[in-house]
Amino acid sequence: MAQLSRRRWLEEGLALLEEAGAEALTIESLTSRLGVTKGSFYHHFANSQDFKQRLLEFWEEEGTLRIIQWAEQEDSPPEKLARVIRASLHPPRLDVALRAWALQDEQVRVHQQRIDQQRLAYLEAVVFATRADHLYAKSLARVLYSLYVGSQHIIPPIEGEDLGALYQLVQQWFAKESQQCLS
């Protein structure tokens, strides 16, 4: 049997969290899903707390930092914003599972808050680079991010073209409102 990588354990942890929630995220359920022994788990992680911390860090890297890096490959702020929006059109159910977990676990809550702040700060910076108005940038970033988070909690979730159309509508409304304020 080939040895599993730490990344494979973390990917399986996120998949289990997304499918069944935090209460299902146990060493036993992970080893069962992967068809390995607990010794394999302990080869990569000191204990379940270590696994949880690394899982949260992995999600931050995959679900936030990697998207920011992808957006930063573009030259112009509108193209960067377009990439972030494209990345958010089909959000994994993982964000919902993590937010539910954060309601019950302080460590997860602190981590989720940091992720939210990173995402908001990036959106605000991109919007500000398009239009050097701090209030406008902060407000539009908050509305776009609130739409992203909220769209996942509606049953069924709003995603794909429908979510893209809502993003576009918000951006048009903000542009129109700001033009009227300048007049």
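What comes next concerns the included structure. (Residues numbered from 1 in each chain as written. Predicted model: local features only at pLDDT ≥ 70, side-chain atom pairs only at ≥ 80, totals over all residues. Heavy atoms only, no water.)

Turning to the packing of helix H1 (residues 6–20) against helix H4 (residues 48–71), a few remarks are in order. Running from N to C, H1 and H4 cross one another at 85 degrees; their axes reach a closest spacing of 10 Å. Put simply, H1 runs roughly perpendicular to H4. The segment H1 lies against H4, with Arg-6, Arg-7, Trp-9, Leu-10, Glu-11, Gly-13 and Leu-14 engaging Phe-51, Arg-54, Leu-55, Phe-58, Trp-59, Glu-62 and Arg-66. (Axes fitted to C-alpha atoms, helices over the stretch in contact; angles between N-to-C directions. Helix = DSSP H or I, 4+ residues; strand = E, 2+ residues; numbered from the N terminus. Parallel < 35°, antiparallel > 145°, perpendicular 65-115°, else oblique. Contact = heavy atoms within 4.5 Å.)

This model, assessed by the stated rule, comprises 17 salt bridges. Among the ionic pairs, Glu-74 bridges to Arg-83, the shortest N-O distance being 2.9 Å. As a salt-bridge pair, Asp-95 and Arg-119 come within 3.3 Å of each other at their nearest N and O atoms. Linking Asp-95 in helix H6 (residues 94–102) with Arg-119 in helix H7 (residues 106–130), this pair joins segments that are 24 residues apart in sequence. In this structure, Asp-95 and Arg-119 share a single accessibility class: buried. (Salt bridge = Lys/Arg side-chain N within 4 Å of Asp/Glu carboxyl O. Buried < 20%, exposed > 50% of the residue type's maximum accessible area, 1.4 Å probe, protein only.)

Turning to the environment of Glu-12, a few remarks are in order. Locating Glu-12 in the fold gives a position in helix H1. Residues Glu-12 and Leu-30, 18 residues apart in the sequence, show an inter-C-alpha distance of 7.2 Å.

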